[in-house]
Every structure is written in structure tokens, then in C-alpha cells.
Amino acid sequence: MGLAAALLLPGAAMAEGERPQGERPKIVATTGMVADLVRAVAGDRAAVEALMGEGVDPHLFKPTRSDTVKLLRADAVFISGLHLEGKMTAAFDRLRESGKPVVALGDAVPKERLLSPPEFEGAHDPHIWMDVGIWASTLPSIRDGLARLDPAGAETYARNADAYGTELARLDTYARRILSSIPGKARVLVTAHDAFNYLGRAYGIEVRGIQGISTESEAGLRIIEELAALLADRGVPAVFPETSVSDRNVRALVEGAGARGHRVTLGGALFSDAMGAPGSYEGTYIGMIDHNVTTIARALGGEAPADGFQGKLALAQR
């Protein structure tokens, strides 16, 4: 039984306020990035679980029966939104209709800060976490969502949100500094799909994806030929696979550039729609962005320490 069907059953969702007294709120977040942000604000006052794990593509994710149970039993659900979790849209609508709080972080971002590529059928690009400043701007929506569930913890949530916002501001400054060190002609980030446009706009890098914004789109031979020509003409030294997307098209692009007499290397897999392994530094939002910007800068000829923003990157151990 799917989630939408399950929510049609009488009493499927526990009404807000029925949580046993003294029990921590149970929060389910869709992606690891959302879960990490909610945990930073919640501290130890709420139990936060991510629905999607390492390497999972949220564009294609469909909840299993056990996932459905988690969503039904949660006191609140936090999602990235902007149709990132496209196959779950109807399920989220059913949750809201049942009285379950569903907080979409994308709804907290002013429309003028959202990208709206013409090829995405009038919708917004959902990859907002790639701009650290925009991602940090969603902290108040998390703070307020948690405070509605647990009013006694409102001061704690506010304090935690402020502290984490300060940390993200430091990360944003680091990203801006090291990415600005990439030489001008090489400031082209070519990846498996268009997940990095917010990063490109925020930090002044041209971004090109082989696939479109959603991984459901197909990469054509024409696109690969165009990008191979761009790499050769600009002398771009590296292209980047992603951990949650097949690298088949990226490797085809490397071969295409080679056929034009330009050697291109794989610059290291980037985290796009999912973070690293749970328990690792790269399995946190800060570690994910640190890995990405440090990897990009080093592969494209910029200057960045191998151990990254906080001296914790696994890159330094290779």
C-alpha cells in the first residue's frame, strides 16, 4: 500500500498534540541535507530521522512500506520542496490534509532568490542547498516549525538556529574565497546533471550539466558534443561525476574531449542530491559543501587546502 492510499484509512495519522507527555517530537526529514539542518536546530530536544540515505536520488525516490510507516508516525515532516521529491508530492498533500505538519524549506525562500530555468516547465530549480546563504535562510522556518511542536523548547531552537547560522556564514566565506582562486578561463563546472546552478550563481562559476535539472531527463549525443567542444576551447582541465547519478555520461564526455585532442580528467565525485556516508564528515551538510567546493577548486586549478574548511576532509587522506 502506498502512502497516499494509507492516508485514506481512518485514523491513519496521529493528530498534533497527541504525543505522550515528556516524549521528544519525532521528526522525519526527506533528504540528508534537510535532516542535518533540522538536527542542528533541534539539538537533543527532538529525534530526527532522514528518509533517504547516502547516494539516494530524491528525484526518483518512492517510499517503501517502512518509509510510509515512519511518515505516518512522525509528529512532523520536513522536506526540501520545490518538487525535488517529485514522486512524493501527492503523498505530502495527503499528509497535510490529515493534519500532519509538513514544512517545505523551499517555501521559505523568497521567489526572487529562486532560479527558474525555462527548460524546467515553469517550476523552480530545487537545488537550493548549493548556495550556502540561501540554505541558511531556511533556518527560521525550521526554528518556528519545531517551536510549534514543542513550545517549551522555543528558546533552545532559536539559540541553536542562530549558532548554526553563524557557522554557515563562515562556510559561505570559505567557499567564496577558494572558488575565486580558480583561473578565469577554467571557471566552468561540468557535472552529470544540473544540480549546481545555485552554486554557480553564488560563487561566480559557469555551470553546465549533461542532463537537465531532474535526473529523469536524458542526455543526448548533441549535448555531449557541445560540451566536449566547450572543454577543448576553454582548456577546462576536469569534469565531475556525482555520487547519486551514474557517471556514464561524464565518462563519454571525457572521451569526446579526448577525441578533440584535449585531455580532461575526472575531478572527483561531487555530492549533489545526497550527502556522504552517515557518521562521516562528508555525511554532514557542512562536510558535503566543504568537499564539493574544495574538490572543484583543486581540480580546476584553484588554491584550496586538501583538508578543507575545517581540516576534516577525507581528500587529505588520499
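Description of the structure in this document. (Residues numbered from 1 in each chain as written. Predicted model: local features only at pLDDT ≥ 70, side-chain atom pairs only at ≥ 80, totals over all residues. Heavy atoms only, no water.)

1. Looking at helix α2 (residues 32-42)
A large share of α2 lies buried, amounting to nine of its eleven residues. Those residues of α2 lying buried are Gly32, Met33, Val34, Ala35, Asp36, Leu37, Val38, Val41 and Ala42. (Buried < 20%, exposed > 50% of the residue type's maximum accessible area, 1.4 Å probe, protein only. Helix = DSSP H or I, 4+ residues; strand = E, 2+ residues; numbered from the N terminus.)

2. Some thoughts on the sheet that holds strand β3 (residues 76-79)
Overall, parallel pairing links the four strands, which are arranged β2-β1-β3-β4 in an open sheet. Of all the strands in the sheet, the pair left with one neighbour each is β2 (47-50) and β4 (102-104). Taken pair by pair, the neighbouring strands of this sheet meet at an average axis angle of 20 degrees, ignoring direction. The pairing of strand β1 (residues 26-29) with β2 spans four bridges and is parallel. In the strand pairing of β2, Ile27 is matched with Val48. (Pairing = 2+ DSSP bridges. Axes fitted to C-alpha atoms, helices over the stretch in contact; angles between N-to-C directions.)

3. Some remarks on the packing of aromatic side chains
By the definition in use, this model includes three aromatic pairs. Aromatic side chains Trp129 and Trp135 sit 6.1 Å apart centroid to centroid with 75 degrees between the ring planes, which places their arrangement in the edge-to-face category. Trp135 shares its class with Trp129; the two are buried. Seen in terms of ring centroids, Tyr174 and Phe309 are 5.5 Å apart; in terms of plane orientation they differ by 45 degrees. Their pairing is tilted. Residue Tyr174 is found in helix α7 (residues 154-179), and its partner Phe309 is found in the segment after α11 (285-299); the two are separated by 135 residues along the sequence. (Phe/Tyr/Trp six-rings, centres within 6.5 Å; stacked < 30°, edge-to-face > 60°.)

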